[in-house]
Amino acid sequence: MKLTGKRGLGLLLALMILLMMPVNVFAEDAEKGKVPKTGWRYVKGYKLYYDKKGKLVKDVSKIIGKQSSYVIKVNKKKNCVTVYAKDGRRGYIIPVKAFPCSAGKATPITTARTPAKYRWHRLNGNCYGQWCTRIKQGYLFHSVMYGRTKNNTLSVSNYNKLGRTASHGCIRLQAKDAKWIYDNCKRGTKVIIYNSSNAGPLGKPKAVKLPKWHKWDPTDPTAKYLCRRRGCHQN
């Protein structure tokens, strides 16, 4: 059927507008494979990406590439961090990736902007964290603590608490996640710490559990050789 004249042009414009309208889809339906179309969708106020099977993609960092700015939201109650990118005038509604974390009872409910970063930094209790990003005052994002500034002195007992409230107030992370924030979120990044029974639009990933002898973080890129040597965490 040919679309000609003013009527045809009107129908064509109406069709284009309809195709561009965000579809109201529930994220849980997407995870069950009920969304047939690949690509971006607006769902409950978020911009989410779905794969060819209609499943929610929970890490879009490689799809969108490194952004000029992010907002980091920390759900203290659920011990989950979600990083957001900007969707133009709609604001920071693209959830990029989520991390399991350990907040603490002393972690403040606050909005702040990151003032500083440290490759290694001394923490409370004569221990050290890698890839530290200060949130405000004495509160930082950092890896689980180490006994020394060496990647094979990890506190395994504290590592295995990731996903639960366990810190003195800082936000503990797996090494790769602390490094991602350190590498990608420039000074001045907005951080929002809040409480909610909903982990976030991407849910809460599970943290790796380690045996007592595993004194390094398997997600630490500087310690991959230790996993190769022991034949563990090769995937």
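A brief structural summary. Source: prediction; values computed, not measured.

Mapped onto the elements, Arg 230 comes out in helix H6 (residues 224-230). Measuring from C-alpha to C-alpha, the distance between Arg 230 and His 214 comes to 9.5 Å, with 16 residues separating the pair along the chain. Setting aside its immediate chain neighbours within four residues, Arg 230 contacts Trp 213 and Trp 216.

Glancing now at a positive patch on the surface. Where like charges cluster on the molecular surface, the positive patch consists of Lys 77, Lys 78, Lys 161, Arg 164, Lys 204 and Lys 209. Here Lys 77 is to be found in the loop between strand E3 (71-75) and strand E4 (80-85). Residue Lys 77 is classed as exposed on the basis of its relative accessible area, which comes to 53%.

All right, on to the nonpolar core then. The biggest cluster of nonpolar side chains holds 27 residues, and the ones touching the most others in it are Ile 72, Val 81, Phe 141, Ile 171 and Leu 173. Of all elements in the fold, only E3, E4, strand E5 (94-102), strand E8 (127-136), strand E10 (171-173), helix H5 (175-184) and strand E11 (190-194) reach the threshold of two or more residues within this core. If we ignore the near neighbours within four places in the chain, the residues touching Leu 173 are Val 81, Phe 99, Pro 100, Cys 101, Phe 141, His 142, Ser 143, Val 144, Leu 162, Ala 178 and Ile 181. Formed by eleven residues, the second largest nonpolar core is a distinct cluster that contains Leu 123, Leu 154, Val 156 and Leu 210.

Parameters and conventions
Here the residue numbering is sequential within each chain, running from 1 through the sequence in written order. Under the rules for a predicted model, residues below a pLDDT of 70 receive no local features and side-chain atom pairs below 80 are neither given nor counted, while totals for whole chains, interfaces and linings still include all residues. Computation of side-chain values covers all heavy atoms of the structure but excludes hydrogens and water. Each helix is a run of H or I in the DSSP string that is no shorter than four residues. Each strand is a run of E no shorter than two, and both are numbered from the N terminus. Here, residues are in contact when the closest pair of their heavy atoms is within 4.5 Å. Exposure above 30% relative accessible area and the lack of any salt bridge qualify a residue for a patch; like charges then connect within 9 Å, and the nonpolar side chains Val, Leu, Ile, Met, Phe, Trp and Tyr within 5 Å. Computed with the Shrake-Rupley method and a 1.4 Å probe, the accessible areas treat only the protein chains shown as cover for residues. Take a side-chain nitrogen of Lys or Arg and a carboxyl oxygen of Asp or Glu: if they are within 4 Å of each other, that pair is a salt bridge. Counting rule for charge: Lys and Arg are taken as positive, Asp and Glu as negative, and neither His nor the chain ends is counted. Here the site of a charge means NZ on Lys, CZ on Arg, CG on Asp, or CD on Glu. Burial classes: relative accessible area under 20% of the type maximum marks a residue as buried, over 50% as exposed, and values in between as partly exposed (1.4 Å probe, protein chains only). To define a nonpolar core, start from buried Ala, Val, Leu, Ile, Met, Phe, Trp, Tyr and Cys residues and group those joined through side-chain atoms within 4.5 Å.

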